[in-house]
Amino acid sequence: RDWGRKASAGAGTVGLQDLTADLPGVSRMKFAGIACPGKETAELGGNRAFETGDARTFVNWRWPQTKETIGKSWTGSRGRLKGQGDITWSARQFGLQNAKYELDGLPGKANVAISLGASPFVDLSLVADDFDLGAYLPQGLSPTSLMTAMPTLWSGQGGLQQKLNLALICFKIGRAY
């Protein structure tokens, strides 16, 4: 895909003032921060902004192994998502803190922690006044289907612990008739 960069280097680190990339799903990512050598791969820390006009296409591109599982439920809105937050990324950990997002015009905040170490886990926290899950999953969602689908995002990570925290004032699951 298309990408651009503005960077400087020194003392074992690379400063990235503007790293941008155009991605599938009419998506664009921008990163500003530092990269430095890690034990296994480069490590990143900084601020990341992301926008997509089609979150479903982006998810299918990023995690192709979930396309069939998620595709059975995600038959509604494709999802216009934009957000920005502080990230940390290494070979076995990813963190997104202080993220502010807007999903189809509904604002919220999020934090994500992912560890692929000896005890792998995913911890996702969402805070929003309104969240309309029914717009994306019009057939509904069973209580266990989301947690069942999550391990396919990180295939090969047996024993993945999953934690989902929601603080939603108005949570819509289906349509009012």
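Look above for the structure.
The shown structure was predicted, so the numbers you read here are calculated from the model rather than taken from an experiment.

Each value, and the rule that gives it
- Residues numbered from 1 in each chain as written.
- Predicted model: local features only at pLDDT ≥ 70, side-chain atom pairs only at ≥ 80, totals over all residues.
- Heavy atoms only, no water.
- Helix = DSSP H or I, 4+ residues; strand = E, 2+ residues; numbered from the N terminus.
- Contact = heavy atoms within 4.5 Å.
- Polar contact = N/O pair within 3.5 Å; in protein donor to acceptor, adjacent residues only side chain to side chain.
- Buried < 20%, exposed > 50% of the residue type's maximum accessible area, 1.4 Å probe, protein only.
- Pairing = 2+ DSSP bridges.
- Salt bridge = Lys/Arg side-chain N within 4 Å of Asp/Glu carboxyl O.

Asker: When you look at the environment of Asp-104 in this model, what are you seeing that I'm missing?
Answerer: Inspection of the secondary structure puts Asp-104 in the loop between strand E6 (93-103) and strand E7 (106-115). Beyond its immediate chain neighbours, meaning those up to four positions away, Asp-104 contacts Ser-77, Gly-79, Arg-80 and Tyr-136. At 3.1 Å, the side chain of Asp-104 and the side chain of Ser-77 are in polar contact.

Asker: Even after reading the chapter, I still don't get unusual backbone geometry, so can you show me in this structure?
Answerer: For Val-26, which is not a glycine, the phi torsion comes out positive at approximately 50 degrees. Along the chain, Val-26 turns up in the loop between strand E2 (13-23) and strand E3 (27-37). Phi at Asp-104 is positive, roughly 50 degrees, even though this residue is not glycine. We classify Asp-104 as partly exposed; its relative accessible area is 35%.

Asker: Just to check I follow, could you spell out the pairing of strand E5 (residues 81-89) for this structure?
Answerer: Every regular strand shows the same layout, with side chains that alternate between the two sheet faces. Here nine bridges tie strand E4 (residues 42-52) to E5, and the two strands are oriented antiparallel to one another. Counterpart to Glu-51 in the pairing with E5 is Lys-82. In the sheet, E5 pairs with E6 via eight bridges, with the strands oriented antiparallel. The partner of Ile-87 across the bridge, within E6, is Leu-96. Taking the residues that link successive antiparallel strands as the turn, the E5-E6 hairpin has three residues.

Asker: Looking at this structure, I do not really get the pattern of salt bridges. What am I missing?
Answerer: Two side chains bearing opposite charge may form a pair once their charged atoms approach each other closely. The tally for this structure, following the rule as stated, stands at five salt bridges. For Arg-78, the salt bridge is made with Asp-54, and the minimal N-O distance between the two is 3.2 Å. Of this pair, Arg-78 sits in the loop between helix H2 (67-71) and E5 while Asp-54 sits in the loop between E4 and helix H1 (55-62), placing them 24 residues apart in sequence. Overall, the relative accessible area of 41% leaves Arg-78 in the partly exposed class. Assessed through its relative accessible area of 12%, Asp-54 is described here as buried.

Limitation: the analysis is restricted to geometry and does not speak to function.
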